[in-house]
Amino acid sequence: NLLHARSLCLAGISHIIQDMVPTAIAVPLAALISLPALTAFYAIKARLIARNVGERTFAFPQKALLQFHGILIVSPLLPLLALLREFDILTVIAISVLGVLCFMVAIRAILFGPIAGVHEAGFVWHGTVILFSDVESFSAVDPFTLIVRAHSGRSHTIVSNDYAVMQAIRASLESFGKPLQ
């Protein structure tokens, strides 16, 4: 009886897949395949960043990781849902991309959270590394906002409602002789 129920379930899924446009199958499958690749990429990147910036001198407070673990578990279900339900192609693409983006946000928070902070050679802010040697200048918009300008001309806006975090970043930039403008 159980075997018959399973075969009916599989027959129902195979009918859905046969009726779908090949693109509507390829997009969710590509999204699902990309998740382990994204995990490996960000794990390697986090390890390289931790090695290159040196010892952490001030740790930034971490976000609640439980919510990111939940997103990490639920986000692969979105491309799977797009594969199993009969949606139009644009909806399939939107749902699949949303699943990948949610997964990226969660995996970055989980992997970069433990290394976020001020280090010997720079600081790590939400997965972005700003090396002190690359900083041309910085300015304080208000006590909770800094704009850091790199020699390349690129600007990084750092906003935190934690005054201690902003003071640690500002003090570290000043200790490396970076001018406040």
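Residues numbered from 1 in each chain as written. Predicted model: local features only at pLDDT ≥ 70, side-chain atom pairs only at ≥ 80, totals over all residues. Heavy atoms only, no water.

K.L.:
For this particular structure, what's the right way to read the sheet that holds strand 7 (residues 155–159)?
P.N.:
Strands belonging to one sheet form pairs held by backbone hydrogen bonds; the direction of such a pair is parallel or antiparallel. Spatially, three strands are ordered 5-6-7 in an open sheet, and the strand pairing comes out antiparallel. The sheet terminates laterally at strand 5 (135–142) and strand 7, the two strands that pair on one side only. Looking at each pair of strands side by side, their axes are set apart by 20° on average, direction ignored. Pairing between strand 6 (residues 145–150) and strand 7: five bridges, direction antiparallel. Its bridge partner being in strand 7, Thr145 is matched across the sheet by Val159. (Pairing = 2+ DSSP bridges. Helix = DSSP H or I, 4+ residues; strand = E, 2+ residues; numbered from the N terminus. Axes fitted to C-alpha atoms, helices over the stretch in contact; angles between N-to-C directions.)

K.L.:
Looking at this model, I keep getting lost on the pattern of salt bridges. Mind explaining?
P.N.:
Note on pairing: side chains with opposite charge can pair once their charged atoms come close. Enumeration over the complete set of coordinates arrives at one salt bridge. For Glu174, the salt bridge goes to Arg170, with nearest N and O atoms at 3.4 Å. In this pair, Glu174 and Arg170 both sit in helix 6 (residues 163–175), four residues apart, roughly one turn of the helix. (Salt bridge = Lys/Arg side-chain N within 4 Å of Asp/Glu carboxyl O.)

K.L.:
I tried to follow the packing of helix 4 (residues 77–84) against helix 5 (residues 89–112) on my own but got confused; where do I start?
P.N.:
In a packed pair of helices, the relevant descriptors are the angle between the two axes and the axis-to-axis distance. Look at helix 4 against helix 5: their axes get within 7 Å of each other, and the N-to-C directions meet at 160°. Taken together, the axes of helix 4 and helix 5 are roughly antiparallel relative to one another. Crossing angle aside, the handedness with which helix 4 passes helix 5 is left-handed. Counting all contacts with helix 4, which are made through Leu78, Pro79 and Ala82, the residues of helix 5 involved are Val92, Ile95, Ser96, Leu98 and Gly99. Looking at the contact of helix 4 with helix 5, its residues break down into six nonpolar, two polar and no charged. (Parallel < 35°, antiparallel > 145°, perpendicular 65-115°, else oblique. Left-handed = near helix turned anticlockwise from the far one by under 90°. Contact = heavy atoms within 4.5 Å. Nonpolar A, V, L, I, M, F, W, Y, C, P; charged D, E, K, R; others polar.)

K.L.:
Honestly, the sheet that holds strand 3 (residues 122–125) in this entry has me stumped. Any pointers?
P.N.:
Strand order in this open sheet of four strands is 1-2-3-4, and the pairing throughout is antiparallel. Bordering the open sheet on either side are strand 1 (56–59) and strand 4 (128–131), each of which pairs with just one other strand. Across the sheet, the axes of successive neighbouring strands diverge by a mean angle of 20°, strand direction being ignored. Of the strand pairs in this sheet, strand 2 (residues 117–119) and strand 3 are connected by two bridges, and their pairing is antiparallel.

K.L.:
When you look at the packing of helix 3 (residues 65–74) against helix 5 in this model, what are you seeing that I'm missing?
P.N.:
Two elements in contact, helix 3 and helix 5, have axes whose closest approach is 8 Å; the angle formed by their N-to-C orientations is 140°. The element helix 3 and its partner helix 5 pack so that their crossing is left-handed. Touching Leu65, Phe68, His69, Ile71 and Leu72 of helix 3 are Cys102, Phe103, Val105, Ala106, Ile107, Ala109 and Ile110, all from helix 5. A per-class count over the contact of helix 3 with helix 5 returns eleven nonpolar, one polar and no charged.

K.L.:
When you look at the pairing of strand 4 in this model, what are you seeing that I'm missing?
P.N.:
The two faces of a sheet get side chains in turn, since along a regular strand they alternate between them. Note: strand 3 against strand 4, four bridges, orientation antiparallel. Across the sheet, Phe123 pairs through a bridge with Ile130, a residue of strand 4. Between strand 3 and strand 4, which pair antiparallel in sequence order, lie two residues; one of them, His126, sits at a positive phi of approximately 50°.

K.L.:
Looking at this structure, how should I read a nonpolar patch on the surface?
P.N.:
A surface patch of nonpolar side chains, about 440 Å² in accessible area, is lined by Ile73, Val74, Leu77, Leu80 and Leu84. Secondary-structure elements contributing two or more residues to the nonpolar patch are helix 3 and helix 4. Among the elements that make up the nonpolar patch, the one with the highest residue count is helix 4 (three residues). Taking the relative accessible area as the measure of exposure, Val74 reaches 47% and is therefore partly exposed. (Patch = residues over 30% accessible without salt bridge, like charges linked within 9 Å, V, L, I, M, F, W, Y side chains within 5 Å. Areas by Shrake-Rupley, 256 points an atom, 1.4 Å probe, with all protein chains shown as cover. Buried < 20%, exposed > 50% of the residue type's maximum accessible area, 1.4 Å probe, protein only.)

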